[in-house]
Structure formats: C-alpha cells, structure tokens
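Take a look at the letters that make up each chain.
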Amino acid sequence: MKTGYVCKYTPVELLEAMGAGPVRIDPEVTNFNEADTRMHPNMCSYTKGVLETYVNGDYDGLVLTTCCDSVRRLCDVLKDLYPGKFIFLLDVPRKTDGHAAALYAGQLRGLVSALETYTGRKYEEGELRRILSAQWKAEEDTPGGYETQQQGTVSVGIVGARCPRSLYRELDRKDVHVQFDLTCTGMERGQSLWQGAGRPEEILRAASEGCGACGEAEGLLPAYAAVLLGQLPCMRMADSRARADFLDAHSSGLDGVICHTVKFCDSYSFEYEKLRRENRIQLLKLETDLTAQCEGQISTRVEAFIESLHAQKDGTGENGGEDTGRGPASAESGTGSARGSADTAQGGTGAARKENGMDRIIVMGIDSGSTSTNGVIMDGTGRILAAGSVRTGAGTIDSSAAIREQLLQEAGLTQADILRTVATGYGRAAIPFAGGSVTEISCHARGARYFDPHVMTILDIGGQDSKAIRLNEKGEVTDFVMNDKCAAGTGRFLEAMARTLEVEIGELGPISLQSTEEVEISSMCTVFAESEVISLIAQNKKKADIAHGVHRAIAGKAVALLNRVDPAPAYMMTGGVARNPGVVKAVEEKLHAELFICEQPDIVGAVGAALCALDAAK
Amino acid sequence: MNIAKTYGSWVKSCMEKDPEKAGSRIRRGLHLESFRVRHFSDKRMPKAYRYLNYMAIRLVADALDKPDTLAYINIFAPVEILECFGLTCVSMEALASYLSGFYMEDVLIDRAEALGIAPTLCTYHKNFIGAMDSGILPKPEIGVTTTMVCDGNVNTFRYLQDRFDVPCCVLDIPHSYSPEAEQYVVRQLRELIAALEKKTGRTLDMEELKERLRRENRSKEYYMDFLRKRAVRSYPNTLTLMLFQLFASHLDIGMDWVEKCFRMMDEEIDTYPVSDELRLFWIHVEPYPEPTLRAYLNYGEEVTIAGGDFDLDYTEPLDAEHPLEALARKMICNIYNGDFSRKADAIEKMVQTCKPDGVVEYCHWGCRQSAGGAGLIRERMKKLNVPMLVLDGDAIDRRNTQDGQIRTRFEAFLEVLRQQRKDAE
C-alpha cells in the first residue's frame, strides 16, 4: 500500500506500523489543469499540486489533516472523485494542551479503525512503539542538533511554507549552508518529533504501562498524539510563539533567513510581516506556486540574496563584484568567486591586460531581459565607450550576439579587445560568451550608484518584472522585492495598453501628460485592464485621460512595491519604463518625491554588469 | 456626486498625518449615515429593514466611540457570552465592509500588502489589518475569534495581539462533532468566561445567558417563518441589506432588537404581494459595491435574492438550559465547518425551502473554503435541476472585480432563468 501525506502532524509512524506505506507528497508539477477544474484557480498552489500529483500518481490512500481551508476542500473533492480509495481527514487541534492531545488521540483511533477496515490488518501497538523508540534512539545518537556553518559559506535558515525542491537544489548549487528549515515538513522527522517531547523514554514507558485506574492500558496513542502536537508549531496553530523563540535560540552564526510563501497560502505572509517588522536578520521573501516553472525566478532571487549576504559577511560593500560562477571557466573553480583572475574562457590572448593601464582594460556588460537586451562597453576608468539595446525577441543567444556586434562596431573594437564580459538579467545564464553572471538586483544597485552616488532606493520596471531595491550608505543591497510572475504594472502591460489605445508605445507617456480628467483603471491584470480600457474607449473617454489612468494604476503598484523595502530618498528609476514621462510623473506624485532618471535608464543593469566585470578584471 | 466616495476622500486626506482625526471622521460618518437611514432612507425599503439598517450602523458607531467596552470578533464568535459582560461586539468583517463603504479599501489594502501581508489573503482581513495599522480604528479591550471556517482568523487576531497588545482569545473549533469535541469547546468557553470575569470584574449571570439563547431561538423561528413566506411573496431588498442581515443573524443575535427586527419582518411580509420576480438563492457574501449586481438586485423588479446561506448556517434550536454546550454545538455544527457535504446538504435543504429559480455562488477573493467547494455544489444543483452560476470577484476591493465579466455572466444567467420560466409556462 502507498499512502500519501502532506503535513508534519500526520502520524507517519502509525501509518508505517500499519503497513500503509506513508509517502510525503512533494509536488513538482507543470500545470494545475485538473485542480483548476475540480476546485478553483484561487486555491493554494500546494494543494492544487497535491491534487495533480495524486490524480496522476499510483497512490492507494491519502491521509490529510485539517491544516488549512484549501486542504479541507481538497479532501472533499478527492473523496468525491475516488469513493473507493482510502482518503482520510485527520482533525488536528490548533491548541496543544492535554485536552487537545486527548482529542487528537481520538482522531488517531479513528484512523486506526478505518485503516483496519480498509486493509484488514490489525493495529499492533508494539510495532508503533518499536518504530518510535528506534527513531528516538537514532535522534539521540545524532550529534549536534543544528550544525553551524563552515568557513567561507553563508548560512541561512528557512521559514514559511513548504518549499519547492528547486529551492534546495539552488541552495546546494550555491554552496549555502541551511542551518534550519522550519517549513511544513522541512525539519528532519526524528528531530521534529522528539526535540520538544521532554522525556521520550518516560513517555514511551508510561504509555506501555497504562494508566492503571481503569485496569486497562491507555495505550500509546495518547502519548503519541501529544508528541505529534508538541512539534514546533506551524502558523495555523493558535500559539506560534515557539517559532520566534526558535529563531532567537538559533540565530547565532546565521547570515540570513529565507521566508518562503506559497501562492494563495497566506498564513506565512504573517510570519514574514513579523520578521520584517522586528528587523532582526537579513530576509528574503520568496513566493512561488511550487511549479517547475518557478526555477528561474527562484534562481534570480536566491542568487541576489546570497550575493548580498556574502557582501555583508565580507564587509566589502562590493556585493555586485562577486562572480557567482555561472560562466564556463569560473564554474570549475568551485570557489564561487573569480575575483582577481583573468577570464581565460574568453581566449584573452592578445587582449588588453590590466598592466597595460586602466584605459586599456575593456569590459562588457550585457543585460538580457525579457523584452530588450542591453549592453555596455566600458574601459578601466569607468568610461562608457558604447551602449545600446536590441529586442530580445525569441532568442537570448541571438540577441546577445547582436548587441555584442553592435557595441563592438560602435566602439571600434573587436572581441579580442574585451577582457571580460559579465551577464545579468533573466537570460544571463544562457549567454555563451559571458565569463560570469550576476543577478540584475546587484547590477542595478551598482549601475544606479554609477550614475548617481546618492541613490538609496531604486525602482526598476522592465519588460516583464518590476523590482524595488534598497541600498545602504555603502551602496550594498539591504532589501529588495520583485513582483510576481504576472506582468501587472510592467512594460508588457504598457505595451498591451498602448496597443489597445492604438498609439505607439513611445507616445503613451507624452499623450498622458495632456490629460484633463481623472479616469480610474482599477485592474492591474493585463487582460482585465485591456477590457477596462476598451470599455472606457466605448464611453468616449479621451486617450490622454485613459493613458493617464493606466499610468496612475502602474504608479500605485510601483509605490506599493517600494513601500515594502522601507524606501528612502534619493530615488532612482531604471528600466525601459522610466523612459515614459507619464509613468515617472505618476510615480513621483504618489511617492511625493522626485525620481532621478538617467539618460538611458534601460542600460543601468548592463552598466552594473560591466562594473562587475571591471572588478573581476582588475 | 457620490457622497460616500467624497466623504471617504476627506477621511483619507488626513489619514497619514492624523489618523485619530481620520478615525473620528469615520465615526462621525457612521453617525450621520444612521441619521440618514432613520429619516431619509429609500422609500422602497421595508420598515423592518430600515430598523435593521439603522441599528446595524448605530450600534457600530456607538461601539467605536467607547473602546473600553469594545470587542473585535470574527463573525462566528459566541457574542451571546461577550454581551453578558457588557462588551459590544464589532466584527472585523463588518468593519472591513464599512470602510469599503467609505471607498477606503484601496489605501488600506495597499497598506496591508506593503507590510508584507499576502495579496491573496481575503480582502476583509487585509482591509481590517490596513485600518488597524494606519491607526484609524480604536484599540479594543479584547479580541475573540474562532478557528472555524476561515484560515485568516487565527493570524489576523494574532497580528492584533502581537502588534497592538490586544489580548485575544482563540477558540479552537473541531472539524466535526463528537461529545468529546463538544466538551473540548465547552472547556475553552469556560476559560474565556474566566478571563472575561477577571478582566471586567463581573461574574457571568448564567440566567442572562440562558435568556439570550431563548431570544435567539425565538428570533430564528421568526426568520424561518419569514423565509417560508418569502418563498411566495416579494420583500424588497438590496445586496447591502442582505449583508446587514448578518448583524441580526450573527453579530447581535440574542439581543432584544434582533428579535424585534425578525418579528417585524415576519409580520410585514404578509403585506407584500405574491412574488413574480426571478428568485435567486445566494451562496456566500453579497458584493454590495458591484455595479451590475447593484443595478439588477437592489430593489430589483425583475430579479431578487430570496435567501442566502449565511443567515442559515446554523438553524437548530439552542438548548438554553445548557448554554455552553449549546454554543459549542452551534459552532461545531455550523454548516461551514466540517466536511463540505454538510454544507452541500444544508444548501440543498435551503434551496428546497426558498424555491429559487437559480443559485448564485459568489467566490470572494481569498476565500478558499467557499471557492474550493464550488464544483461540488454545482454537481448537487445539477441533480436538483436548479441552474447555478459561479461568479468570481471581490466583495471589498473594487479594483479586484471586473464588472464587464460579471455583467456578461450574470446577464447570460438571467437569460437562462427567463427561458426556464418561459418553458415552464
């Protein structure tokens, strides 16, 4: 028998003792087709992933808990869909006192009896005791508890909701030490179960001896229920203070915390809010829908976070200067840093060398975005020799080659003159001629300070994402947030609106400045907003007013994003959308502050990449 | 000119600099509205609803004026007990609705999201959190929530406790009924009572509590009788009035005025003609700001809401002689708690009582317990041969609902219902 389960409060050992073959479900799906049909698109993504996994898997049973509204409905839907399968819902109390444990023990008895009926196999308490004792012994024999970090690595804790496997892979690739993992089933089972259980030996013995009063052994289940409820609480429990206490007790040697939230699971955003309010550790909020498609998004954010942790640890303030080892040569170095070494992968024979003087060092920065690919050639003094932009189109490789040609031609150089190239942006890993890659977060920080050394807060609105980045006095990234996967409030959104209004994208801004009437565009969803614009056109509203409404809607979203990083002046706006004077004005009005816009706001990321290349070349 | 919107802008204009002033403007606005409702309400509004509307606004305005007896609760909390201690209960859902009535939800929701609260959280909760954070709502004496029906409660009230030092009580309501589950809740109610006795210095008068439960039973009898008559008679209402009805069925249940209100409804309906409108049964909250639905359903001559599941989430009489057990049972056996089949069974029964032409389920943004079961209810309605429409939207945040989409779906549904009537004739 194979029985899926999802929650740490599930009596996994009991299922094992009864031969139910418990398997934790960790969905890694690419779509929610079944779930959206059978439930609703606005259900928690994890729940939807479980439905997809269960429907397409070979599970005989499924034991769920009343951990959240989504899982309750998942159970209803699956019971309806598979009346013959063993689908069982355990009601886990939200309190953990003796009364709650007694109630939960009753639930466990219900499970035992249902399983006995389903499988025809009798529950043997001795078997459960054997499993629990062995698990506790193993836990007791494990030294340490929570390992501290190794030299040279950064150490993070993970909190929040269950993480996608790709996050762990990414952390592993980045050589990041995970000091603890407090997500749903993140903690190792033995540790999770026994660390809060007081005196396990006595618990197990007392249970086997029974209460004596009634002459019958009370059995192991009440004690087991108490042990299950005694685990570190999740955010659905009535009292979750132990999570904060845990962080207090285990923050020594910790560089940062990743707070993972799942789309449409809201509980852990409260944990994030609290950590952020208390401001006690470097924090990354990572929201995913647990699909395989999240991998790129995770990679960018985690990489940028790790860069900032490294920078903080080294105290260099040159967070952007790290080469994170994505390039073919440095990847083999295994150190994660190519600083100070020439990039041999570029076949640099005959190329300029650093001893030839600063002006002879020539580097290139490429920012491969979803809409445009931007590039910069810079010399060792930081002078920009060439800058430009091409449409990304369908291929990252082609567009990066095209921008390289364009830049070389403009600067009158050949590839052999370029000592080093660093790539950034969504497509950064796919650029074959780059010697390394750095995330666009760090690159925008570097680039922004290049144009204005006073910038403290950056708003970057690009083709398909927008981000707010907060810097400290030294120019290090202290916080950043990005919008989610949807294109709300980005360049794509503006393009769609311009198309609907039948104006050129470049005209949208100037037109909106002639607006005389305030028109509300309430939706930020591209599709819905498009239909709103159409209905405004039908109401004979002027293009200028509609465009202004669109810009104000974007500004609202952008300022909300900025507010999440505790913004402070001076402000700079980067990315292609900064070319739109209508958006800039609307953001300034909402922000009550001026935005600095450089002459070519779309090359800021590429400039940052070039500066990173320069660091490495020097 | 939209007076509420203009008034809301006036409140918003001082919110950042002087939240206390903004809060006082909100309270003044509510008092003005209660005055307006009492003296200048729509002539189409039945007398009982005028009374309901007035009381629902007046009591909240008064409660917010006196924070030392104010309790913030969620809609399923046992108000019967709290009121015995002289506390006035205001639900955070009602506050969120009122703030949306002032067109303030945009800034408040944005504020909550800027704190890091998930955009996907129910907007009732986000609106309330944003309002608390901005300082426009008074700090109450106590917060009381149950864990049932909505995941947001535990975290929202924890936020209230953590951020503003409001002592909050969480009542853990088991998923399904058993005598042990009932005792589990009774024990928690006793703890709540002990805490309230300590806090207020008053001792719970068990007789008063029993009397409240008896009044509650009588109130519900009137309401059920009203509903049976409503199956054949007209009784003009609006989306907003349907929401106000939650004050009577939940937030103030057990109070004198509620019994009076339901009795008035039961008597007044006899004076209305036999209904020939298309009759809808409404599942979940009514999105009162939604333009298309307002146009069709507020005093709708062609189509009307003949009943909703929210007012009928627990219809069994309470055993007033054992009040704590009765209240525990009321919470555990609420149709929204437990397996969805319980809710589906109850809705089937209600549909048979109210005899609607069609059923509408409104999937409010962020509410998983409701949205997740939409498919199951649809199956049930198919078996009963009652047409059903599922609408997605947001009952609080105007920016999050697409009227164009609602209009197309709702009008198409009306076409189906009209056709059905025609075929039957």
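Conventions adopted
- Residues numbered from 1 in each chain as written.
- Chains lettered and ligands numbered in written order.
- Predicted model: local features only at pLDDT ≥ 70, side-chain atom pairs only at ≥ 80, totals over all residues.
- Heavy atoms only, no water.
- Helix = DSSP H or I, 4+ residues; strand = E, 2+ residues; numbered from the N terminus.
- Buried < 20%, exposed > 50% of the residue type's maximum accessible area, 1.4 Å probe, protein only.
- Contact = heavy atoms within 4.5 Å.
- Areas by Shrake-Rupley, 256 points an atom, 1.4 Å probe, with all protein chains shown as cover.
- Rg over C-alpha atoms; globule rule 2.2 N^0.38 Å.
- Lys, Arg positive; Asp, Glu negative; His and termini not counted.
- Charge placed at Lys NZ, Arg CZ, Asp CG, Glu CD.
- Buried area = accessible area lost by both parts, 1.4 Å probe.
- Salt bridge = Lys/Arg side-chain N within 4 Å of Asp/Glu carboxyl O.
- Nonpolar A, V, L, I, M, F, W, Y, C, P; charged D, E, K, R; others polar.
- Pairing = 2+ DSSP bridges.
- Axes fitted to C-alpha atoms, helices over the stretch in contact; angles between N-to-C directions.
- pLDDT = per-residue confidence, 0-100.
- Polar contact = N/O pair within 3.5 Å; in protein donor to acceptor, adjacent residues only side chain to side chain.
- Phe/Tyr/Trp six-rings, centres within 6.5 Å; stacked < 30°, edge-to-face > 60°.
- Lys NZ or Arg CZ within 6 Å of the ring centre and 35° of its normal.
- Domains from an automatic or database assignment.
- Expected span 1.5 Å × (residues − 1).
- Parallel < 35°, antiparallel > 145°, perpendicular 65-115°, else oblique.
- Right-handed = clockwise from strand over helix to strand, strands pointing away.
- Core = buried A, V, L, I, M, F, W, Y, C linked by side-chain atoms within 4.5 Å.

1. Observations concerning the overall build of chain A
For step 1, the next point in the chain: Of regular secondary structure, chain A possesses 21 helices and 18 strands.
For step 2, the next point in the chain: Within chain A, buried positions represent 60% of all 618 residues.
For step 3, the next point in the chain: Sequence separation of 24 or more characterises 68% of the internal contacts of chain A that already satisfy a separation of 6 or more.
For step 4, the next point in the chain: For chain A, the accessible area works out to roughly 23,600 Å², and carbon and sulfur atoms hold 49% of it.

2. A look at the overall build of chain B
For step 1, the next point in the chain: Across its full length, chain B holds 18 helices and eight strands.
For step 2, the next point in the chain: Against the compact-globule benchmark of 22 Å for 425 residues, chain B has a radius of gyration of 21 Å, which places it among compact chains.
For step 3, the next point in the chain: Overall, chain B is about 65 × 50 × 40 Å in size when its C-alpha atoms are taken along their principal axes.
For step 4, the next point in the chain: The burial tally for chain B puts 63% of its 425 residues in the buried class.
For step 5, the next point in the chain: Taking the intrachain contacts of chain B between residues at least 6 apart in sequence as the baseline, contacts between residues at least 24 apart amount to 77%.
For step 6, the next point in the chain: Here chain B holds 57 positive side-chain charges and 66 negative ones, and the gap between their average locations is 3 Å.

3. Thoughts on the interface of chain B and chain A
The accessible area lost on association of the parts is a frequent measure of interface size.
For step 1, the next point in the chain: Across the boundary between the two partners, chain B contributes 48 residues, which contact 50 residues of chain A.
For step 2, the next point in the chain: Counting each side, the surface lost to burial between chain B and chain A is near 4,300 Å², with a carbon and sulfur contribution of 52%.
For step 3, the next point in the chain: Summed over the shared surface of chain B and chain A, the result is five salt bridges.
For step 4, the next point in the chain: For the salt bridge of arginine 277 of chain A with aspartate 162 of chain B, the shortest nitrogen-to-oxygen distance reads 3.7 Å.
For step 5, the next point in the chain: Here the side of chain B that touches chain A takes seven residues from helix 8 (residues 152-164) of chain B, the largest share from any one element.
For step 6, the next point in the chain: Taken together, the residues of the side of chain B that touches chain A break down into 20 nonpolar, 15 polar and 13 charged.

4. What about the sheet that holds strand 4 (residues 168-171) of chain B?
Residue and element names in this part refer to chain B.
For step 1, the next point in the chain: Spatially, four strands are ordered 2-1-3-4 in an open sheet, and the strand pairing comes out parallel. Only two strands of the sheet have a single neighbouring strand rather than two, namely strand 2 (88-91) and strand 4. Ignoring strand direction, the axes of neighbouring strands in this sheet form an average angle of 25°.
For step 2, the next point in the chain: Sheet analysis places strand 3 (residues 142-146) next to strand 4, joined by four bridges and oriented parallel. Across the sheet, residue threonine 146 finds its bridge partner in strand 4, namely leucine 171.

5. Quick notes on the sheet that holds strand 16 (residues 477-482) of chain A
Residue and element names in this part refer to chain A.
For step 1, the next point in the chain: In space, the five strands of this open sheet follow the order 16-15-14-17-18, with mixed pairing throughout. The open sheet has two edge strands with one neighbour each: strand 16 and strand 18 (595-596).
For step 2, the next point in the chain: Judged from the four bridges that link them, strand 14 (residues 457-461) and strand 17 (residues 571-574) form a sheet pairing that is parallel. Counted as the bridge partner of threonine 457 is tyrosine 571 from strand 17.

6. Things to note about the confidence of the model for chain B
For step 1, the next point in the chain: Looking at chain B, pLDDT values average 94 and 100% of them are 70 or higher.
For step 2, the next point in the chain: As a predicted assembly, this complex carries a pTM of 0.80 together with an ipTM value of 0.93.

7. A closer look at the side chain of threonine 401 of chain B
Residues and elements named next belong to chain B.
For step 1, the next point in the chain: Its location among the elements puts threonine 401 in the loop between strand 8 (388-393) and helix 18 (403-424).
For step 2, the next point in the chain: Polar contacts involving the side chain of threonine 401 include one to the main-chain amide nitrogen of aspartate 394, which spans 2.9 Å.
For step 3, the next point in the chain: Excluding anything up to four places from it in sequence, threonine 401 contacts Glu290, Tyr362, Gly393, Asp394 and Ile406.

8. What about the packing of aromatic side chains?
For step 1, the next point in the chain: Inspection of the entire model under this criterion finds 25 aromatic pairs over all chains.
For step 2, the next point in the chain: Ring centres 5.0 Å apart and planes at 80° place the aromatic pair phenylalanine 226 of chain B and tyrosine 235 of chain B in the edge-to-face group. With respect to burial, phenylalanine 226 of chain B and tyrosine 235 of chain B carry one shared label: buried.
For step 3, the next point in the chain: Seen in terms of ring centroids, tyrosine 235 of chain B and tyrosine 272 of chain B are 5.3 Å apart; in terms of plane orientation they differ by 75°. Their pairing is edge-to-face. Placement of the pair is tyrosine 235 of chain B in the loop between helix 10 (206-230) and helix 11 (239-251) and tyrosine 272 of chain B in the loop between helix 12 (256-268) and strand 5 (278-283), with a sequence separation of 37 residues. Per residue, the accessibility class of tyrosine 235 of chain B equals that of tyrosine 272 of chain B, and both read buried.
For step 4, the next point in the chain: Aromatic rings pair up to connect Tyr49, Tyr223, Phe226, Tyr235, Phe262 and Tyr272 of chain B into one cluster.
For step 5, the next point in the chain: Residue placement shows arginine 404 of chain A over the ring face of phenylalanine 433 of chain A; its charged tip is 4.1 Å from the ring centre.
For step 6, the next point in the chain: One cation-aromatic arrangement involves arginine 25 of chain B over tryptophan 10 of chain B; the distance from NZ or CZ to the ring centre is 3.7 Å.

9. A look at the domain arrangement of chain A
For step 1, the next point in the chain: When the domains of chain A are assigned, the result is domain 1 (3-138), domain 2 (145-196 + 231-312), domain 3 (319-452 + 605-617) and domain 4 (459-597).
For step 2, the next point in the chain: Using only C-alpha atoms to locate each centre, domain 1 of chain A and domain 4 of chain A end up separated by 45 Å.

10. So, helix 14 (residues 396-411) of chain A
All names here are of chain A.
For step 1, the next point in the chain: End to end, helix 14 covers 22 Å across 16 residues, agreeing with the expected 22 Å (1.5 Å per residue, within 8%).
For step 2, the next point in the chain: Buried positions along helix 14 lie against strand 9 (362-368), strand 10 (372-379) and strand 11 (384-391).
For step 3, the next point in the chain: Directly beyond the C-terminal end of helix 14, a positive phi value near 70° is found at glycine 412.

11. Structural notes on the pattern of salt bridges
For step 1, the next point in the chain: Scanning all chains against the criterion turns up 74 salt bridges over all chains.
For step 2, the next point in the chain: Linking arginine 407 of chain B and glutamate 411 of chain B is a salt bridge whose minimum nitrogen-to-oxygen distance equals 3.4 Å. Taken together, the positions of arginine 407 of chain B and glutamate 411 of chain B, both in helix 18 and four residues apart, correspond to about one turn of that helix.
For step 3, the next point in the chain: Given the relative accessible area of 24%, glutamate 411 of chain B is considered partly exposed.
For step 4, the next point in the chain: It is possible to trace a salt-bridge network through shared partners that takes in Asp248, Glu273, Lys274, Arg277, Glu278 and Arg280 of chain A together with Asp162 of chain B.

12. Observations regarding the packing of helix 15 (residues 440-451) of chain A against helix 21 (residues 604-617) of chain A
All names here are of chain A.
For step 1, the next point in the chain: At a minimum axis separation of 7 Å, helix 15 and helix 21 run at an interaxial angle of 95°. With respect to helix 21, the element helix 15 is oriented roughly perpendicular. Within the contact between the two elements, helix 15 uses Cys443, His444, Arg446, Gly447, Ala448, Tyr450 and Phe451 and helix 21 uses Val604, Gly605, Val607, Gly608, Ala609, Leu611, Cys612 and Asp615.
For step 2, the next point in the chain: The class makeup of the residues in the contact of helix 15 with helix 21 is nine nonpolar, four polar and two charged.

13. A word on the pairing of strand 1 (residues 70-73) of chain B
Residues and elements named next belong to chain B.
For step 1, the next point in the chain: Residues Leu70 and Tyr72 point to one face of strand 1 and Ala71 and Ile73 to the other, with burial holding for every one of them.
For step 2, the next point in the chain: Examined bridge by bridge, strand 1 and strand 2 share four bridges and lie parallel to one another. Bridged to leucine 70 within strand 2 is threonine 88.
For step 3, the next point in the chain: Once the chain exits strand 1 it traverses helix 4 (residues 79-84) before rejoining the sheet at strand 2, and the crossover so formed is right-handed.
For step 4, the next point in the chain: Across three bridges, strand 1 lies against strand 3 in parallel orientation. Within strand 3, the residue paired with isoleucine 73 across the bridge is valine 144.

14. Topic: the nonpolar core
Considering soluble globular proteins, one finds that nonpolar side chains tend to be buried as a cluster.
For step 1, the next point in the chain: Counting residues in each nonpolar core, the largest one holds 225 residues, and the members touching the most others are Leu14 of chain A together with Tyr72 and Ile136 of chain B.
For step 2, the next point in the chain: The element that contributes the greatest number of residues to this core is helix 3 (residues 47-65) of chain B, accounting for twelve residues.
For step 3, the next point in the chain: Formed jointly, this core draws a minimum of three residues from each of two domains, domain 1 (3-138) and domain 2 (145-196 + 231-312) of chain A.
For step 4, the next point in the chain: Ignoring sequence-local partners within four residues, the contact set of leucine 14 of chain A consists of Leu108, Leu111, Val112, Tyr123, Leu128, Leu221 and Tyr224 of chain A.
For step 5, the next point in the chain: One finds Ile281, Met497, Ile554 and Val565 of chain A within the second-largest nonpolar core, a separate group that totals 54 residues.

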